[in-house]
Amino acid sequence: MKKYWFIIKTEIMSNLQYRFDVIFGFVSYFILLFILFNLWRYLYSDTSGLINGYSMAQMMWYVVMTEILWMTLGGRKFNTKICNDVKTGNITYNINKPYSYIGYSLSMHLGDILVKGVLYVLIGMLIGFIFLGHFPSLSIIEIIVVIIASILATIISIFIIMALGLISFFIEDATPFYWVYSKLILILGTIFPIEYFPTVLQKVLNFSPIYVVSYGPAKLFVDFSWDKAITIIGAQLIYLVITYGICKLIYQKGVKRISVNGG
Amino acid sequence: MLTAVRNQCKVIFLSIKYALMRELLNKTTFISNIIFMILNNSSMIVQWIVLFSIKDNFGGYTLKHVILLIGISSSLYGFAHFFFEKSFKLSETINSGKLDAYIVQPKNILLSTITSDIQVSALGDLSFGLIAYFIYGFTIRGFILYSLFTITGGIILVCISVILHSLSFWFSNADAGADTFNGMMINVSTYPDSIFKGIVKWLLFTIIPVGIANYIPVKVMVSFNPYLLLINVGVCLLFILLAFTIFYRGLKRYSSTNLMVARV
Amino acid sequence: MAVIEVKGLSKTFKVKLKDKGFKGSLKAMVKPKYKTVNAVRDISFTVDKGEIIAFIGPNGAGKSTTIKMMTSILFPDQGSIKILDFDPKKDRKKLSYEIGTVFGQKEQLWTHLTPYDNFKFFGAIYDIPEKAVEKKIDELKMLFELDEFINTPVRNLSLGQRIRCEIVASLIHNPKILFLDEPTIGLDPVVKENIRSLIKRMNKEYKTTIFLTSHDVGDIEKLCKRVIIINNGQIVLDDSMDNLKYHYLNKKIVEAKMKERVNLDDEDGITILKDKGYNLKIEVDTTKRSVADAIKLLNPDNIIDINISNIPLEDIISSIYQNKDQL
């Protein structure tokens, strides 16, 4: 475990050199939230009550939260890295190292995004506060639970994106898989809570990754209950095991394929 | 003059043809890129179906109108990125000294540069735009307007990108700003203007010309208005002028190679 | 007839100074510091039609900057350039029909296409009618011996084959002047030799004026009749190859292996470079003393083996770089 922590630490240090692109990342984040705020304000303009069980403020905080998770994740960069590792054969250099490629990539990426994540949380809260004038009411313990759920969500996302990237072992360009995944998350998991979809779809979504990687933490953030917390974190743990297992399986199959075909 | 234009067009055509030939070397990737982009854009329609299940009218926009808006937005994006992909990466060309190659050729530097590569997935955007237009409803007259707006809007998009990226002749970090601005235009352009109010709405028809490139076409196609059409075409011409002026002004400061980034 | 006239040319760059690290970046954003670099300082020269001229100097001497100003890429701060009566600053398009450029490190060919298709593309860039391009390609194909690989995609060619194609691509439009920037960089000796003889043949065939920069002394020695040496943005030498050699080659290096130990001291016209008893290396200034004299001093009966050679051009050039202040 210690060596992975060391990888995380080194990555953080090298990323402290923040530059313009990060600042512009915040600008993009602000613009996105701004558009969605406008959308919700318009949607709620002729009702003062709830839509699908959410108030306007809850909808906005929901979006703030899912967008923090999404922007922090840096999925595209990570996916490109994994695909390149496979394509260039870099991945094979890791075979005889005393750590697993999966653990190594996970720690690398966590280190890469940790500081960014904290900054996005601060900025997200600030923007939300400016637009709405208050925070969701949560106790300290509840906040900790939300944070745990968010971290679990991020790790599961990383595993899913890793698995999608590792498909490069078998086909030449695996990036379209990531596009589709990211679009699914953005449309079905970022803008609307699951309750917004038709009942049939809701049942499917409750078992999909969307439930654990974006809906879960955001739901807890805007509408906390211990019942839900237990269900969500339980589901996350199951997903954690499954996604890790899938990564490992694809990785092993892929490496075997390379050693047979000689890359 | 006329032969010069013809010769320039021939070079652009060849350059796009060759780039396309390169991409076609791997047909599976080529086709999957296009198909996935169509699927990718379809998700926007899903989003609006959900929204229209809550409310059936967004300030005059029905679902059909929103589909038309999304169609136009992806068509003009596809047009811009297929034919002029390099205008979205112009900073890199400038900073790495790759402009040299175009300066020594007897052709228009800006045009040769921005047409020197294509983006395959942009064909997916173009196709999706067409599909969306057919869902909205096909008429010959409407289709002519649709094609016109795809071109004018695409050119506006390209020109804005050229202007912003040309700033890297002056500032070293212009590319991040340009990418952010371009991204914002894309983001905004898939939402109807009716959800914006006040100063933002005003901005969208001026400094951030999403209004002119994306919203006006929808208004004209829904109910024809010659003045709005003229504004669209006029602004497009204005942006062409601006883009060339700023690019060539900057070119005088061009320093080739990496002499600029000496560090101590 | 002069085809290139450069007068009092100067160019300065403003270079942004940046301290290391995050703090440095911030500082540079708030209050940027600049340093002025005089890349080229008041240089003048002319080149006649059909000449092959070597334009050499150490890294950062101002070679590329000068070439780039001559090819319209950079704008000069001061001075004037006339190339075939065109001002590169004002007549970029007209000039570009008349000149060809090969920048060794920057490839201009599409790598997935065959050389043939590439040449056709360049034909279109220079508005040459289809028939004329095909004829020209045939002609150049013979001259540069491209037959074997003219239909192989460029990415499958060796570096030497690529450079040949790059040169041919820059000749499609019959330029009157060819700018070659480091054409043989990274090539092995045999290929270098081949490229040189092709360039020479081409110069003879078409009377193309060639303006060449290179770090490779072989290129210069084998190809050029005239050398311009530039250092720190200034011309330190502009002379014919023969003169350069004459000035510096009146010194000979004599290396001798002796039967017996000789004791020799520096005298007028003789400098001892190495004395290991039985092995001697001396430099003879032939303006002061003949080589025969020097050998007599060594006592010819005692010589087992002897080698008399010129000072390598490479050494001559680097000594010119170093002595620029005295020149």
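**Thoughts on the overall build of chain C**
(1) Moving on: On a plain count of helices and strands, chain C comes out with 11 helices and 13 strands.
(2) Moving on: Its C-alpha atoms give chain C principal-axis dimensions of about 75 × 60 × 45 Å.
(3) Moving on: Taking the contacts inside chain C whose residues are at least 6 apart along the sequence as the reference set, 70% of them involve residues at least 24 apart.
(4) Moving on: By element, 48% of the accessible surface of chain C is carried by carbon and sulfur atoms, the whole surface being about 16200 Å².
(5) Moving on: Seen as two clouds, the 53 positive and the 47 negative side-chain charges of chain C have centres 8 Å apart.

**Some points on the packing of aromatic side chains**
(1) Moving on: Scanning the entire structure with this criterion turns up 52 aromatic pairs over all chains.
(2) Moving on: An aromatic cluster is defined as three or more aromatic residues linked by ring pairs; in this entry it consists of Trp40, Tyr54, Tyr62, Phe192, Tyr196, Phe197, Tyr211 and Tyr215 of chain A.
(3) Moving on: One Lys or Arg, Lys55 of chain B, reaches over the ring of Tyr42 of chain A and ends 4.7 Å from the middle of that ring.
(4) Moving on: Cation over ring: Lys64 of chain B sits above Tyr136 of chain B, and NZ or CZ is 5.6 Å from the ring centre.

**Some thoughts on the nonpolar core**
(1) Moving on: In this structure, Trp40, Met162 and Leu166 of chain A, Phe58 of chain B together with Ile4, Phe45 and Phe211 of chain C are the most contacted members of the largest nonpolar core, which totals 188 residues.
(2) Moving on: For this core, the element with the highest residue contribution is helix α7 (residues 140-166) of chain A, accounting for 14 residues.
(3) Moving on: Contact partners of Phe58 of chain B, with chain neighbours within four places excluded, come to Leu39, Tyr42 and Leu43 of chain A together with Trp48, Leu51, Phe52, Pro192, Ser194 and Ile195 of chain B.

**Quick word on the domain arrangement of chain C**
Residue and element names in this part refer to chain C.
(1) Moving on: As far as domains go, chain C holds domain 1 (2-7 + 40-108 + 170-245) and domain 2 (250-322).
(2) Moving on: With 12 residues of domain 1 at the contact, the number on the domain 2 side is seven residues.
(3) Moving on: Sorting the residues of domain 1 by area buried against domain 2 places Val217, Ile229 and Leu244 first, and these three jointly supply 46% of that buried surface.
(4) Moving on: For the interface between domain 1 and domain 2, the tally reads zero salt bridges.
(5) Moving on: Run the count over domain 1 and domain 2 and you get zero residue pairs in polar contact (both at pLDDT 80 or more).
(6) Moving on: Put simply, the parts of the chain that give the side of domain 1 that touches domain 2 at least two residues each are α8 (217-223), β8 (226-231), β9 (234-240) and α9 (241-249).
(7) Moving on: Broken down by element, the side of domain 1 that touches domain 2 gets its largest block of residues, three residues, from α9.
(8) Moving on: The residue inventory of the side of domain 1 that touches domain 2, partitioned by class, reads eight nonpolar, two polar and two charged.

**Regarding the packing of helix α2 (residues 27-54) of chain B against helix α3 (residues 63-83) of chain B**
All names here are of chain B.
(1) Moving on: Running from N to C, α2 and α3 point in directions that differ by 155°, and their axes come no closer than 10 Å. Comparing their axes, α3 and α2 come out roughly antiparallel. At the point where α2 passes α3, the crossing takes the right-handed sense. Residues Asn41, Met44, Ile45, Trp48, Ile49 and Phe52 of α2 form the contact with α3, whose participating residues are Leu63, Val66, Ile67, Ile70 and Ser74.

**Some details on the sheet that holds β8 of chain C**
All names here are of chain C.
(1) Moving on: The strand order across the open sheet formed by six strands is β5-β6-β7-β3-β8-β9, and the pairing between neighbours is mixed. Edge positions in the sheet fall to β5 (99-103) and β9, since each has one partner strand and no second. Averaged over all adjacent pairs, the angle separating strand axes in this sheet is 15°, with direction ignored.
(2) Moving on: By the bridge criterion, six bridges tie β8 to β9 in an arrangement that is antiparallel. Within β9, the position partnered with Asn231 by the bridge is Gln234.
(3) Moving on: The strands that helix α7 (residues 189-206) touches are β3 (52-56), β6 (177-181) and β7 (209-213); relative to β7, the one it contacts most, it runs at about 155°.

**Side note on the interface of chain B and chain C**
When the parts of a complex come together, some accessible area is lost, and that lost area is often taken as the interface size.
(1) Moving on: With 32 residues of chain B at the interface, the matching set in chain C holds 32 residues.
(2) Moving on: Our count for the contact surface shared by chain B and chain C stands at three salt bridges.
(3) Moving on: Put simply, Lys68 of chain C and Asp100 of chain B hold a salt bridge, and the shortest N to O gap is 3.7 Å.
(4) Moving on: Here chain B is connected to chain C by nine residue pairs in polar contact (both at pLDDT 80 or more).
(5) Moving on: Of all the secondary structure elements, the ones that give two or more residues to the side of chain B that touches chain C are α1 (2-23) and α5 (100-103) of chain B.
(6) Moving on: The greatest single-element share of the side of chain B that touches chain C, amounting to nine residues, is contributed by α1 of chain B.
(7) Moving on: Partitioned by chemical class, the residues of the side of chain B that touches chain C number 16 nonpolar, 10 polar and six charged.

**Details of the side chain of Ser91 of chain B**
Residue and element names in this part refer to chain B.
(1) Moving on: Along the chain, Ser91 turns up in helix α4 (residues 90-95).
(2) Moving on: Engagement of the side chain of Ser91 in a polar contact is seen with the side chain of His165, the distance being 2.6 Å.
(3) Moving on: The residues contacting Ser91, other than those within four sequence positions of it, are His165, Ser168, Ala174 and Asp175.

**Considering the interface of chain B and chain A**
(1) Moving on: Counting from both sides, the interface comprises 32 residues of chain B and, opposite them, 30 residues of chain A.
(2) Moving on: Summed over both partners, the interface of chain B with chain A comes to about 2800 Å²; 75% of that surface belongs to carbon and sulfur atoms.
(3) Moving on: Among the residues of chain B in contact with chain A, Phe36, Ile54 and Lys55 of chain B are the three that bury the most area, contributing 19% of the side total.
(4) Moving on: On inspection of chain B and its partner chain A, the count reaches zero salt bridges.
(5) Moving on: Going through the elements one at a time, α2 and α9 (174-188) of chain B are the ones with two or more residues in the side of chain B that touches chain A.

**Describing the environment of Met1 of chain B**
(1) Moving on: Along the polypeptide, Met1 of chain B turns up in the segment before α1.
(2) Moving on: Taking the C-alpha atoms as reference points, Met1 of chain B and Ser74 of chain B, separated by 73 residues in sequence, lie 34 Å from one another.

**Thoughts on the sheet that holds strand β11 (residues 270-275) of chain C**
Residue and element names in this part refer to chain C.
(1) Moving on: Reading across from one edge, β11-β12-β10-β13 is the order of the four strands in this open sheet, with antiparallel pairing throughout. In the strand order of this sheet, the two ends are held by β11 and β13 (303-310), each with one partner. Between one strand axis and the next, the sheet turns through 20° on average, direction left out of account.
(2) Moving on: Sheet topology note: the strand β10 (residues 251-258)/β13 ladder contains seven bridges and is antiparallel. What sits directly across from Ala256, in β13, is Ile306.
(3) Moving on: Seen against the sheet, helix α10 (residues 291-298) touches β10, β11, β12 (279-285) and β13 and runs at an angle of roughly 155° to β13.

**Focus: the confidence of the model for chain B**
Predicted coordinates in regions of low pLDDT should not be interpreted in detail.
(1) Moving on: For chain B, the average pLDDT comes to 90, and 97% of its residues sit at 70 or higher.
(2) Moving on: Counted against residues more than four places away or in other chains, residues 258-264 of chain B, with its pLDDT under 50, gives 12 contacts.

**Re unusual backbone geometry**
All names here are of chain C.
(1) Moving on: Positive phi, close to 50°, is recorded for Glu145, a residue that is not glycine.
(2) Moving on: Mapped onto the fold, Glu145 is located in the loop between α5 (130-143) and α6 (159-169).
(3) Moving on: Look at Glu145 and you get partly exposed, because its relative accessible area is 37%.
(4) Moving on: The phi dihedral of Asn174 falls on the positive side, at around 55°, and the residue is not glycine.

The rules behind these values
- Residues numbered from 1 in each chain as written.
- Chains lettered and ligands numbered in written order.
- Predicted model: local features only at pLDDT ≥ 70, side-chain atom pairs only at ≥ 80, totals over all residues.
- Heavy atoms only, no water.
- Helix = DSSP H or I, 4+ residues; strand = E, 2+ residues; numbered from the N terminus.
- Contact = heavy atoms within 4.5 Å.
- Areas by Shrake-Rupley, 256 points an atom, 1.4 Å probe, with all protein chains shown as cover.
- Lys, Arg positive; Asp, Glu negative; His and termini not counted.
- Charge placed at Lys NZ, Arg CZ, Asp CG, Glu CD.
- Phe/Tyr/Trp six-rings, centres within 6.5 Å; stacked < 30°, edge-to-face > 60°.
- Lys NZ or Arg CZ within 6 Å of the ring centre and 35° of its normal.
- Core = buried A, V, L, I, M, F, W, Y, C linked by side-chain atoms within 4.5 Å.
- Buried < 20%, exposed > 50% of the residue type's maximum accessible area, 1.4 Å probe, protein only.
- Domains from an automatic or database assignment.
- Buried area = accessible area lost by both parts, 1.4 Å probe.
- Salt bridge = Lys/Arg side-chain N within 4 Å of Asp/Glu carboxyl O.
- Polar contact = N/O pair within 3.5 Å; in protein donor to acceptor, adjacent residues only side chain to side chain.
- Nonpolar A, V, L, I, M, F, W, Y, C, P; charged D, E, K, R; others polar.
- Axes fitted to C-alpha atoms, helices over the stretch in contact; angles between N-to-C directions.
- Parallel < 35°, antiparallel > 145°, perpendicular 65-115°, else oblique.
- Left-handed = near helix turned anticlockwise from the far one by under 90°.
- Pairing = 2+ DSSP bridges.
- pLDDT = per-residue confidence, 0-100.

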